[in-house]
Amino acid sequence: MTQADIGQFFAEHDIVPVLVDRAPLAFAKVVYRGKKLVDAGKELSPAEVREEPKVEWYADPTALHTLVMIDPDSPSRTEPSNREFAHWLVGNIPGRHVQNGETLFQYVPVFPRAGAGCHRYIFLIFRQQSWNDYSEAPRASSKNRTPRVRFSTRDFARRYSLGLPVAGNFFIAQYDDYVPVILAKFPPSDDY
């Protein structure tokens, strides 16, 4: 897909300019277990995306990157009072080797509420200007969700001089019968 395509998709789904000022330059390839491919806004079920995906993009192997995965539709797209919920955050990624980056927020599966409709799940990759000291950045785990709720990608990018995203992708998902299984492993907080 071209830059025009990604810009069009991000604008049609209110990602640009609501969440980021400009669409990424390229699509990131995001693949979940079972070869489930994230494809520019197509729907995937929570069961299909329960495990951390593999994310790839064209990257200079000498550059460092930050990966953010957010849900801006918490608790629903029409009432996003908890915008944004950060599902995954990895910084200081060498080239495109996410597994070698610094994990600030472990991957948490998606768990849209019953009756909340579709949520957008957005992957954004930023090229860092240099190595970032994330020692004072908030940390989150599957049990400690506080730093994830009302996360601001814009503020985080500004704080760490990340600039605009260089790659990205997104999918939509809604409640299904698998969500209670996810919630049993990751009990919801009052904020989400």
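Residues numbered from 1 in each chain as written. Predicted model: local features only at pLDDT ≥ 70, side-chain atom pairs only at ≥ 80, totals over all residues. Heavy atoms only, no water.

Per an unreviewed UniProt entry, the recorded name for the protein chain is Phosphatidylethanolamine-binding protein, and the organism is Anopheles atroparvus.

What follows is about the packing of aromatic side chains. Centre distance and the angle of the planes are the two values used to describe a pair of aromatic rings. Applying the stated criterion across every chain, the model contains 13 aromatic pairs. The interplanar angle of 55° and the centroid separation of 6.3 Å between the aromatic rings of Tyr32 and Tyr107 together place this pair among those described as tilted. Here Tyr32 is found in strand 2 (residues 29-32), whereas its partner Tyr107 is found in the loop between strand 7 (102-105) and strand 8 (119-127), with 75 residues between them in sequence. This pair shows no difference in class: Tyr32 is buried, exactly as Tyr107 is. (Phe/Tyr/Trp six-rings, centres within 6.5 Å; stacked < 30°, edge-to-face > 60°. Helix = DSSP H or I, 4+ residues; strand = E, 2+ residues; numbered from the N terminus. Buried < 20%, exposed > 50% of the residue type's maximum accessible area, 1.4 Å probe, protein only.)

A few words now on the environment of Glu12. Position of Glu12 relative to the elements: it lies in helix 1 (residues 3-12). For the pair formed by Glu12 and Gly41, sequence separation is 29 residues and the distance between their alpha carbons is 9.8 Å. Separated by 2.8 Å, the side chains of Glu12 and Gln8 make a polar contact. (Polar contact = N/O pair within 3.5 Å; in protein donor to acceptor, adjacent residues only side chain to side chain.)

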